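Each chain, letter by letter, is given below.
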Amino acid sequence: MTPGGPSAIVVLDFGKEVGGTPYVAVSASTPTAPTTSNTLRVSTSEALTFLNTNKTTTLSSTTSVGDTNVKVGSVAPFYVGSPITIDTGTGSETRTVTAVGTAGTAGTGITFSPGLTSAHAAGTTVTGIGTYANDNGSQINFSITTPQTYTGGLRGGFRFASIALTTPGTVTLTAAGVNFKAYRASPDKYQGYFISSDDQLNKIWYAGAYTAQMDMVPTGVASCFNVPVIFDGAKRDRAIWSGDLMITNPVAMLSIGSNSVPYIKGSIDSIINLQAANGRLTSAVGFRGCGAFDYAVTYSAYSAIIATQYYRYTGDTAYITALLPKLEAATAYHATRLDANGLVVTNDNDYWQTRQNGEVTEYSLAYYELLQDMIWLEHQVGTPQKAAEYTEKAAALKEAINSRLWNASAGLYQHTDTRPNVFPLDANMNAIRLGVAPTDKVQSILTYFKDRWQAHGSEISQPSPSMADPGGHTIEPLNNTWEMMARFHSDDAAGALDLLRRMWGVQVDPNSGFYTGTFWEFVNSEGLPTRGFDSLAHAWGAGPTQLLTESVLGATSVDPGYATWQVKPQPSDLGWAQGQVPTASGPLTVKWAQNTGAGKFHMEVVSPAGTGGEVWVPLASATSVSVPLTPGATFVQRAGNYDVYRVGAGTFQFSSQPVTFQSLQQLVTYFSTDPNVTEGLNDKLQAAAAAKSAVVRGNQLNAFANQVKAQTGKALTPDKAQILLMLATALR
């Protein structure tokens, strides 16, 4: 850097989100007298856009055609050799700065070449390169005195780092980088995976997994914690928030499995250990100090829910049994927040950072979710009496929500008892996914919100204009995740994937201008971040990873640690998918492929020793037939467009396709418990297949139907008989 000249600057691009302590390795430093040291300033940012500040100013005076000098309100955005852009849009002109003077009408301004081709009025926007600064927080300043490696303080999340020599002199660097301080998951750490025929979805799954890893904080990195924990965001808030953990904990478990356990338990313990005497659990730990931070009563529910979540995934009975009294106390605390109508009233903040008063539908639904989790938990490690108590309370709460907060004329759940014409996304979607919404109301709710989707997601509330958070955002990742959950819960996989691609597709696009390889805290109507303050590696944005594994691939835990599991794929428009879920007994692996044009589906499930579960085989239509291709599967029922089988440990394959005489014969062989009955039924099907006329075919199928009816309750169960009769009708 020359005296009076611009800073010498190097910008590092790490390609994706990183976090840790930035460093520079200096081999030589020569300051310009009279100074005795050089100063290197390091600025970090998750997006290149937010690495620069002071980029714009305005013209102080009108310009004319041919001018090579302009008067500006500030000269800070410019230096010799940098670009200067006068005006915006189609009228803009960009030139190269040749001299930087002083600001204002009476100043010497900015000189450039070549001359302008248009006149521009005073007040017109002028844009330059600006100066480099952190997107959030302070910069790092190294005083360079001797050749050595200089290491700065922790910067939790960034993709770009600028290194600026801000004093006259010369500095020679041999290296620069970051000492990584988040969780580094090498390929061998991935105990779960997901891959499909849609590469965008594959990128989304791994971006969610990497988001969780960037938010994982090893022991010794954060001063407030002596155990590994998971934060809400890599850059900020860098605190444990239970609402964020509801999303990121399952993502971590499904991707890196047992490697995440110390971090999840460390986070849960940090919250539980600060439980108040009245049973309330804190919302956050390490935010604005090292202690508890009580933000909202809903977060107390979330704090208990994450403990139950952990048990569902791991089967860690000793751990959850020790926590059970504290979770029961937290549940009892929520009961004290009910008003005379049996609904939760807290008059505090929601997750999108605004105070909500009165009977808020979403607040009662958070308590309802806690009750549902506690019912399940009491059946596992508690008492029948407690399970019955929570069941009774949940039923009363559900009734109160539906009687007081359902707007019958709109067919939607209202925001609060005093805001009947505001329809929030969170309450309506959580009412669906938690089973509060009556079955006959679900489709109309889903349709209402889908009809009002924006290009990049679903808004906080309807009708337009939506409610917004203090930053002006109307689209939030958390409630969009809840909407995807509600749609998968309602077998609307196509709608769920449409919403997923709308909101998260741009976030995995390397050309978006904001790519970090992780998911973002907030977005604007264009689906992009708007300010450097916002976190671009935020836990509550990682939900798609969980849903791709549990809803698209279809593998979920029923009993703790996947002792009992369910595999129910929702393939939608995908050609194939495969993946693996880490369980307490070993990996549960699922592979499936479909030919939608032919109506064919094939799947394989590999179940670990000591476990068992149900395999739901998708059917293209009601006249499709499924068959197990390997021994050991027991048919349970036909449920909608699925055939359900029960299996134990081992490898199992299934297929489904439109019914044919041959496939129906295979099904008869599988269903019938009497070899003589099997032979008789299949003889009739074989004769029908060989028939030369429709009349003969009909007669043989009538004989088949008569024998099926005669064997109902004997060689054939009533459910199996009904399926055979329906499929035979399709062959007429």
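Structural data are supplied above this passage.
Here the structure is a predicted model, which is why all the values come from computation and not from measurement. (Residues numbered from 1 in each chain as written. Predicted model: local features only at pLDDT ≥ 70, side-chain atom pairs only at ≥ 80, totals over all residues. Heavy atoms only, no water.)

A. Examining the overall build of the chain more closely. Along the chain, the regular secondary structure elements total 16 helices and 36 strands. In terms of overall dimensions, the chain has C-alpha extents of about 105 × 65 × 55 Å along its principal axes. Burial analysis of the chain (732 residues in total) assigns 55% to the buried set. (Helix = DSSP H or I, 4+ residues; strand = E, 2+ residues; numbered from the N terminus. Buried < 20%, exposed > 50% of the residue type's maximum accessible area, 1.4 Å probe, protein only.)

B. Focus on the pattern of salt bridges. For the structure shown, the criterion picks out 20 salt bridges. Three or more residues are tied together by salt bridges with common partners; here these are Glu46, Asp135 and Lys235. (Salt bridge = Lys/Arg side-chain N within 4 Å of Asp/Glu carboxyl O.)

C. Fine view of a nonpolar patch on the surface. Together, Ile9, Val11 and Leu48 make up a nonpolar patch on the protein surface, roughly 200 Å² of accessible area in all. Here valine 11 shows up in strand 1 (residues 8-31). (Patch = residues over 30% accessible without salt bridge, like charges linked within 9 Å, V, L, I, M, F, W, Y side chains within 5 Å. Areas by Shrake-Rupley, 256 points an atom, 1.4 Å probe, with all protein chains shown as cover.)

D. Main features of the sheet that holds strand 20 (residues 292-293). Here we have three strands laid out as an open sheet, ordered 18-19-20, and antiparallel in their pairing. Two strands in the sheet have a free side with no partner beyond their single neighbour: strand 18 (240-241) and strand 20. As paired elements, strand 18 and strand 19 (residues 284-285) share two bridges and run antiparallel to each other. Note on strand 19: the bridge partner recorded for isoleucine 240 is valine 285. (Pairing = 2+ DSSP bridges.)

E. Local environment of the packing of helix 14 (residues 675-690) against helix 15 (residues 694-711). Where helix 14 meets helix 15, the closest approach of the two axes is 8 Å, and the angle between their N-to-C directions is 160°. By the criterion of interaxial angle, the relationship of helix 14 to helix 15 is roughly antiparallel. When you trace helix 14 past helix 15, the crossing you get is left-handed. When helix 14 is examined against helix 15, the residues Val677, Gly680, Leu681, Lys684, Leu685, Ala687 and Ala688 are found in contact with a partner set consisting of Arg697, Gln700, Leu701, Ala703, Phe704, Gln707, Val708 and Gln711. Among the residues making up the contact of helix 14 with helix 15, the classes are represented as nine nonpolar, four polar and two charged. (Axes fitted to C-alpha atoms, helices over the stretch in contact; angles between N-to-C directions. Parallel < 35°, antiparallel > 145°, perpendicular 65-115°, else oblique. Left-handed = near helix turned anticlockwise from the far one by under 90°. Contact = heavy atoms within 4.5 Å. Nonpolar A, V, L, I, M, F, W, Y, C, P; charged D, E, K, R; others polar.)

F. Broad picture of the pairing of strand 15 (residues 193-196). Burial along strand 15 is one-sided: Phe194 and Ser196 are buried, while Tyr193 and Ile195, pointing the other way, are not. Direction of pairing for strand 15 relative to strand 29 (residues 576-583): antiparallel, over a ladder of four bridges. Its bridge partner being in strand 29, tyrosine 193 is matched across the sheet by glutamine 580.

G. Representation of helix 3 (residues 261-272). The terminal C-alpha atoms of helix 3 lie 16 Å apart, and with 12 residues this matches the ideal 16 Å at 1.5 Å per residue to within 8%. Among the 12 residues of helix 3, nine are classified as buried, and the element is accordingly described as predominantly covered. Restricting attention to buried positions, one finds in helix 3 the residues Val261, Tyr263, Ile264, Gly266, Ser267, Ile268, Ser270, Ile271 and Ile272. (Expected span 1.5 Å × (residues − 1).)

H. Layout of the packing of aromatic side chains. Scanning the model with the defined rule gives 31 aromatic pairs in all. With a centroid separation of 6.2 Å and an interplanar angle of 85°, the aromatic rings of phenylalanine 522 and tryptophan 540 are classed as edge-to-face. Here tryptophan 540 lies in the loop between helix 11 (493-504) and helix 12 (543-553) and phenylalanine 522 lies in the loop between helix 11 and helix 12, a separation of 18 residues in the sequence. Comparing phenylalanine 522 with tryptophan 540, the two get one shared label, buried. These aromatic residues form a ring-pair network of at least three members: Trp241, Phe287, Phe293, Tyr295, Tyr299 and Tyr302. Lying over the aromatic face of phenylalanine 180, arginine 184 brings its terminal NZ or CZ to 4.4 Å of the ring centre. Here arginine 236 stacks its cationic end above the ring of phenylalanine 533, 4.1 Å away from the centre of that ring. (Phe/Tyr/Trp six-rings, centres within 6.5 Å; stacked < 30°, edge-to-face > 60°. Lys NZ or Arg CZ within 6 Å of the ring centre and 35° of its normal.)

I. Summary view of the pairing of strand 8 (residues 110-113). Side-chain alternation along strand 8 places Ile110 and Phe112 on a buried face and Thr111 and Ser113 on a face that remains uncovered. As paired strands, strand 5 (residues 69-70) and strand 8 are joined by two bridges and run antiparallel to one another. Each bridged residue has a counterpart across the sheet, and for asparagine 69 the counterpart in strand 8 is threonine 111. Judged from the four bridges that link them, strand 7 (residues 93-100) and strand 8 form a sheet pairing that is antiparallel. The residue of strand 8 that forms the bridge with threonine 96 is serine 113.

J. Region of interest: the state of the cysteines. Within the structure shown, the criterion is met by one disulfide. There is a disulfide in this structure between cysteine 224 and cysteine 290, and the S-S distance comes to 2.0 Å. In this structure, the disulfide formed by cysteine 224 and cysteine 290 twists by about -70° around the S-S bond and is classed as left-handed. With cysteine 224 in the loop between strand 16 (216-217) and strand 17 (229-230) and cysteine 290 in the loop between strand 19 and strand 20, this residue pair connects regions lying 66 residues apart in the sequence. (Disulfide = S-S within 2.5 Å.)

K. Representation of the environment of valine 708 within the structure. Mapped onto the elements, valine 708 comes out in helix 15. Those residues in contact with valine 708, other than ones at most four positions away along the chain, are Leu681, Leu716, Ala721, Leu724 and Leu725.

L. Seen up close, the side chain of threonine 44. Along the polypeptide, threonine 44 turns up in strand 2 (residues 38-45). For threonine 44, a relative accessible area of 4% translates into the label buried. Filtering out sequence-adjacent residues up to four positions away, threonine 44 remains in contact with Pro22, Leu51, Ala133, Asn134, Asp135, Arg155, Phe158, Phe160 and Ala161.

M. View of helix 14. Taking 1.5 Å as the rise per residue, helix 14 with 16 residues should run 22 Å; its terminal C-alpha atoms sit 22 Å apart, in good agreement. Backbone nitrogen of asparagine 676 and a side-chain oxygen of the N-cap are separated by 2.8 Å at the start of helix 14; the cap is aspartate 674. (Polar contact = N/O pair within 3.5 Å; in protein donor to acceptor, adjacent residues only side chain to side chain.)

N. Region of the structure containing unusual backbone geometry. That bond from alanine 33 to proline 34 is cis: its omega, 10°, falls within 30 degrees of zero. By secondary structure assignment, the location of proline 34 is in the loop between strand 1 and strand 2. For the bond running from arginine 236 to aspartate 237, omega is 10°, close enough to zero to count as cis. Tracing the chain through its elements places aspartate 237 in the loop between strand 17 and strand 18. The backbone of aspartate 87 shows a phi angle near 80°, a positive value even though the residue is not glycine. In this fold, aspartate 87 is placed in the loop between strand 6 (83-86) and strand 7. The exposure class of aspartate 87 is partly exposed, given its relative accessible area of 24%.

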